[in-house]
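If you want the building blocks of each chain, they are given just below.
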Amino acid sequence: MDDSSFEAMASEIEGLLGIDRTRHERYSFVTRAVRGYGDRPDATGAVSYPIYQSATFAHPRLHESTGFAYGRCGNPTVLELENTIAMLEGGLKALAFCSGMAAISCIIKLFKQGDVVLVSDDLYGGTHRLFQDVYAARYGIEFRPVDFTDLEAVESACSGPIAAFFVETPTNPMMKVSDIAALAELAHAQDALLIVDNTFLTCYFQRPLDLGADLVVYSGTKYLCGHNDCICGFVVIRDDKLLERVFMDYMSEGDALGPFDAWLMLRSLKTLPLRLDAQEERAKKICAFLKTHPNVTRVLYVGDPDHPDYELSCKQTTGFGAMISFDVDSVERAEQVLEKTKLITFAESLGGAESLITYPAVQTHGSVPEEKRLALGLTDKLLRLSVGLEDADDLIADLEQALS
Ligand SMILES: Cc1ncc(COP(=O)(O)O)c(C=O)c1O
C-alpha cells in the first residue's frame, strides 16, 4: 500500500493516526485510568462507555464515513480502549487483540525469513513455543536466546545484523530484570527494534516507551484485566514509523478484540492503580513470610531488597508488582503445596483478584526443553504465585498449612 492509499484508509478509520498526547496531560495516571481517553460518540450522557455490539457500520453516502466501517478494522468501544491504553502507556497508538499471543504474533510478522531476533532466555513458555515451533520452524526467522540482564552477553550475541530485541522484564517465571534504557541504546546502535513485554508490571509501574523501547506488547489477560475474566492482548506503538505495517497485519488477519471484552477491559483499567498497589502490598508480606519458612529454599520477588536486580528495579520502575516464584525443599513438597492450598487456586494465569499458584515446569513452561529449563534455574521444585487481592493474613495462613 502506498502512502496516499494508507492516508485514505486512515482517514476513514477513526483514530488510526494515533491519539492526541496532550489531551489529558494535566491529569495524573490514576485519573486517566479512571476516566479513560474519553471520546463520546453518542449524546445520551451514559457514564459507562457504551458497548457497540455491531459487526458493520453504515456509510452516510458514497465517499463518506462515520469513522467506522467494518468491525474487524475498528469499533468505537475497542477504539476507546485502545486510545486509553496508548494514553496510559505514553504511546501514539495501541491495538487491542483477542489474546496476548495474537499481539505478539502480529509483531513478529514485521520480520522475514533470515531475520535474527534476540529474545530473553527466560520467556513465557507460550511465547517460546510460538517463536520456535511456528516462526523459526516454518518461516525461517531466527530467535537467538540471550540473558538480557548481562549487557556484555547481549553485545556478543549481536553478531551480524539483528532485526529486534524481544525482552520480557521481569521475566516469567525467574523474575530477572533487564535495563530497558541500556538495551534501547544497544538495539538502536544495531538498527534493531526494542520490543518489551510489559505484562508483569504494566504501564502503572513501568513505562518502556519512555525508556527508549519502540514497541510494547501485553497479555492484557493479566493485570490490565485483573479479574480473570477476559483474554486479551495489546501492541503499543511509540511513533508513526511502524504504525502502517502493524495496522495492516492487524486489520488483514482479524485478531481484533470484540466490543464486549473491550468494555470489560475499560472497566478493569479504572482500578488498575488501586489493584496493583494493593496486590504489591500483599506480595511484600508474603515474600517476607516465605523467606523465613524452613521448607522454602529460595524466593524470587523483584521487590525484595535481596533480589539481585533490586537496585535496577528501583531505578527504572515505580513499583515491583505481585509475582513471586519460590523453590521448596523437594519435588514432593511442590506437589503437596499444589494439592493442599485451599484459598489460593491451582490454575494457570496471573494478575487477577484471585491468587493463583502454578507449577511452571509442567504448566506454563512445559514446552521448554528440560535441559534449557534447568540451566535457567527453573527447577521441578519451583512454584509461581500470583498474589491477588484477598487478605494477606488469609493467604499466609493458606501457604503455612500447605507448606507444612
Ligand atoms: C509474559 C506473558 N506474555 C504473554 C502471554 C500470552 O498472553 P495470553 O495468554 O493473553 O495470550 C503470557 C501468558 O501467560 C505471559 O505471561
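Conventions and cut-offs
Residues numbered from 1 in each chain as written. Predicted model: local features only at pLDDT ≥ 70, side-chain atom pairs only at ≥ 80, totals over all residues. Helix = DSSP H or I, 4+ residues; strand = E, 2+ residues; numbered from the N terminus. Rg over C-alpha atoms; globule rule 2.2 N^0.38 Å. Buried ≥ 20, exposed ≤ 12 C-beta atoms within 10 Å, placed from the backbone. Contact = placed C-beta atoms within 7 Å. Pairing = 2+ DSSP bridges. Axes fitted to C-alpha atoms, helices over the stretch in contact; angles between N-to-C directions. Core = buried A, V, L, I, M, F, W, Y, C linked by C-beta atoms within 7 Å. Domains from an automatic or database assignment. Near = placed C-beta within 6 Å. Nonpolar A, V, L, I, M, F, W, Y, C, P; charged D, E, K, R; others polar. Parallel < 35°, antiparallel > 145°, perpendicular 65-115°, else oblique. Left-handed = near helix turned anticlockwise from the far one by under 90°.

## Digging into the overall build of the chain
Then step 1. A count of helical and extended segments in the chain gives 15 helices and twelve strands.
Then step 2. Here the C-alpha atoms of the chain give a radius of gyration of 21 Å, agreeing with the 22 Å that 2.2 N^0.38 yields for 404 residues.
Then step 3. Scored against the burial criterion, the 404 residues of the chain give a buried share of 49%.
Then step 4. Here the analysis covers contacts within the chain between residues at least 6 apart in sequence; of these, 74% occur between residues at least 24 apart.

## Quick look at the sheet that holds strand S5 (residues 193–197)
Then step 1. Taken in spatial order, the seven strands of this open sheet run S1-S7-S6-S5-S4-S2-S3, and their pairing is mixed. The two strands at the open ends of the sheet, each matched to only one other strand, are strand S1 (93–97) and strand S3 (142–146). On average, each strand axis in the sheet is inclined to that of its neighbour by 20°, with strand direction left out of account.
Then step 2. Sheet topology note: the strand S2 (residues 116–120)/strand S4 (residues 164–168) ladder contains three bridges and is parallel. The residue bridging Val 117 from the neighbouring strand is Ala 164, located in S4.
Then step 3. Helix H4 (residues 100–108) rests against S1, S5, strand S6 (215–219) and strand S7 (233–237) of the sheet, and its axis sits at about 40° to S7.

## Quick word on the nonpolar core
Most often, soluble globular proteins have nonpolar side chains that are buried together.
Then step 1. Ala 96, Ile 195, Phe 234, Val 235 and Ile 324 are the most contacted members of the largest nonpolar core, which totals 119 residues.
Then step 2. In this structure, this core is formed jointly by two domains, domain 1 (3–269) and domain 2 (274–403), each of which donates at least three residues.

## Examining the site of the ligand
Then step 1. Surveying the vicinity of the ligand reveals 14 residues, the closest of which are Ser 99, Gly 100, Met 101, Ser 219 and Thr 221.
Then step 2. When contributions to the shell around the ligand are tallied by element, the ones reaching two or more residues are H4 and helix H5 (125–139).
Then step 3. Here the residues of the shell around the ligand are counted per class, giving three nonpolar, nine polar and two charged.

## Remarks on the domain arrangement of the chain
Then step 1. The domains assigned to the chain are domain 1 (3–269) and domain 2 (274–403).
Then step 2. For domain 1 and domain 2, the distance between their C-alpha centroids amounts to 27 Å.
Then step 3. Listed as interface residues are 28 residues of domain 1 and, on the opposing side, 32 residues of domain 2.
Then step 4. Counted by class, the side of domain 1 that touches domain 2 contains 13 nonpolar, nine polar and six charged residues.

## Topic: the pairing of S6
Then step 1. The buried count for S6 comes to five of five residues, which makes it a mostly enclosed element.
Then step 2. Side chains Leu 215, Val 217 and Ser 219 of S6 all project onto a buried face; the interleaved residues Val 216 and Tyr 218 project onto the opposite face, where all are buried too.
Then step 3. The sheet contact formed by S6 and S7 spans five bridges and is antiparallel. Paired with Val 217 across the bridge in S7 is Val 235.

## Comments concerning the packing of helix H11 (residues 272–292) against helix H15 (residues 392–403)
Then step 1. One can describe the packing of H11 onto H15 by two numbers: an axis separation of 10 Å at closest approach and a directional angle of 30°. By the angle between their axes, H11 is roughly parallel relative to H15. Considering the relative orientation of H11 and H15, their crossing is right-handed. The segment H11 lies against H15, with Arg 282, Lys 285, Ile 286 and Phe 289 engaging Ala 392, Leu 395, Ile 396 and Leu 399.
Then step 2. Its residues assigned to classes, the contact of H11 with H15 shows six nonpolar, no polar and two charged.

## Some words on the sheet that holds strand S12 (residues 382–386)
Then step 1. Spatially, S8-S9-S12-S11-S10 is the arrangement adopted by the five strands of the open sheet, whose pairing is mixed. Of all strands in the sheet, those with a lone pairing partner are strand S8 (296–300) and strand S10 (345–346), marking the two edges.
Then step 2. Sheet topology places strand S9 (residues 323–328) next to S12; five bridges connect them, and they run antiparallel. Across the sheet, residue Ser 325 finds its bridge partner in S12, namely Arg 384.

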